[in-house]
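Chain and residue survey
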Amino acid sequence: MQRNRPPSPQTVTVLRALAADPSRWRYGYDLSSEVNLKSGSLYPILVRLADRGLLETSWEPGVGSRPPRHLYRLTGAGRDFVAALTAARSERGAAHPRPRPSEA
């Protein structure tokens, strides 16, 4: 059974970071630094997005003593998904602005 729940805020942050330059391959470590997520949170998100066809993955061969590295970038479906998220957020924000905390 497939669940249709909205993506977590962390997932949205990762998607937006990838959408900033959707054709560029990104290393997980660089994404982790950019979005301030530890690897234990980031990599499960990347795996889920890849399993859903929103991310394309590739391996960069190791050079010298450096091990191979995994690379990520958005697919066309991933770009469409981010665009839909952005549109939905814009509509929701315009229709239902969030109340501001009262200043004391």
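Here, every reference points to the structure presented above.
Let me begin by describing the structure that accompanies this report. What you see is a predicted model, and the numbers here were worked out from it, not measured in a lab.

The next thing to look at is helix 2 (residues 28-35). Buried within helix 2 are the following residues: Gly28, Leu31, Ser32 and Val35. For helix 2, the buried positions fall inside an angular range of 105° around the axis, keeping them on one side. For helix 2, the elements touching its buried residues are helix 1 (9-19), strand 1 (26-27), helix 3 (39-51) and strand 3 (69-74). Directly beyond the C-terminal end of helix 2, a positive phi value near 55° is found at asparagine 36.

So, on to the environment of arginine 16. Considering the arrangement of structural elements, one finds arginine 16 in helix 1. For arginine 16, a relative accessible area of 32% corresponds to the partly exposed category. Non-local contacts of arginine 16, meaning those with residues more than four positions away in its chain, are made with Thr86 and Arg89.

Another aspect to go through is the packing of helix 1 against helix 2. Where helix 1 meets helix 2, the closest approach of the two axes is 10 Å, and the angle between their N-to-C directions is 115°. Taken together, the axis directions place helix 1 and helix 2 in an arrangement best described as roughly perpendicular. With respect to the hand of their crossing, helix 1 and helix 2 are arranged in right-handed fashion. Here Thr13, Val14, Ala17 and Leu18 of helix 1 lie close against helix 2, whose contacting residues are Leu31, Glu34 and Val35. For the contact of helix 1 with helix 2, the residue count by class is 5 nonpolar, 1 polar and 1 charged.

Scanning the entire structure with this criterion turns up 3 salt bridges. One salt bridge connects glutamate 60 with arginine 66, and the closest N-O pair in it is separated by 2.8 Å. Relative accessible area serves as the criterion here: at 34%, arginine 66 is assigned to the partly exposed category.

We now examine the side chain of arginine 26. Inspection of the secondary structure puts arginine 26 in strand 1. Residue arginine 26 is classed as buried on the basis of its relative accessible area, which comes to 5%. In terms of polar contacts, arginine 26 uses its side chain to reach the backbone carbonyl oxygen of alanine 17, at 3.3 Å. Apart from residues lying up to four places away in sequence, arginine 26 is in contact with Ala17, Leu18, Leu31, Glu34, His70, Leu71 and Tyr72.

As a further point, take the packing of aromatic side chains. Here the structure, examined in full by the defined rule, presents 0 aromatic pairs. If you follow arginine 69 out to its NZ or CZ, it ends over the ring of tyrosine 27, 3.5 Å from the centre.

Rules and cut-offs
- Residues numbered from 1 in each chain as written.
- Predicted model: local features only at pLDDT ≥ 70, side-chain atom pairs only at ≥ 80, totals over all residues.
- Heavy atoms only, no water.
- Buried < 20%, exposed > 50% of the residue type's maximum accessible area, 1.4 Å probe, protein only.
- Helix = DSSP H or I, 4+ residues; strand = E, 2+ residues; numbered from the N terminus.
- Arc of directions from axis to C-beta.
- Contact = heavy atoms within 4.5 Å.
- Axes fitted to C-alpha atoms, helices over the stretch in contact; angles between N-to-C directions.
- Parallel < 35°, antiparallel > 145°, perpendicular 65-115°, else oblique.
- Left-handed = near helix turned anticlockwise from the far one by under 90°.
- Nonpolar A, V, L, I, M, F, W, Y, C, P; charged D, E, K, R; others polar.
- Salt bridge = Lys/Arg side-chain N within 4 Å of Asp/Glu carboxyl O.
- Polar contact = N/O pair within 3.5 Å; in protein donor to acceptor, adjacent residues only side chain to side chain.
- Phe/Tyr/Trp six-rings, centres within 6.5 Å; stacked < 30°, edge-to-face > 60°.
- Lys NZ or Arg CZ within 6 Å of the ring centre and 35° of its normal.

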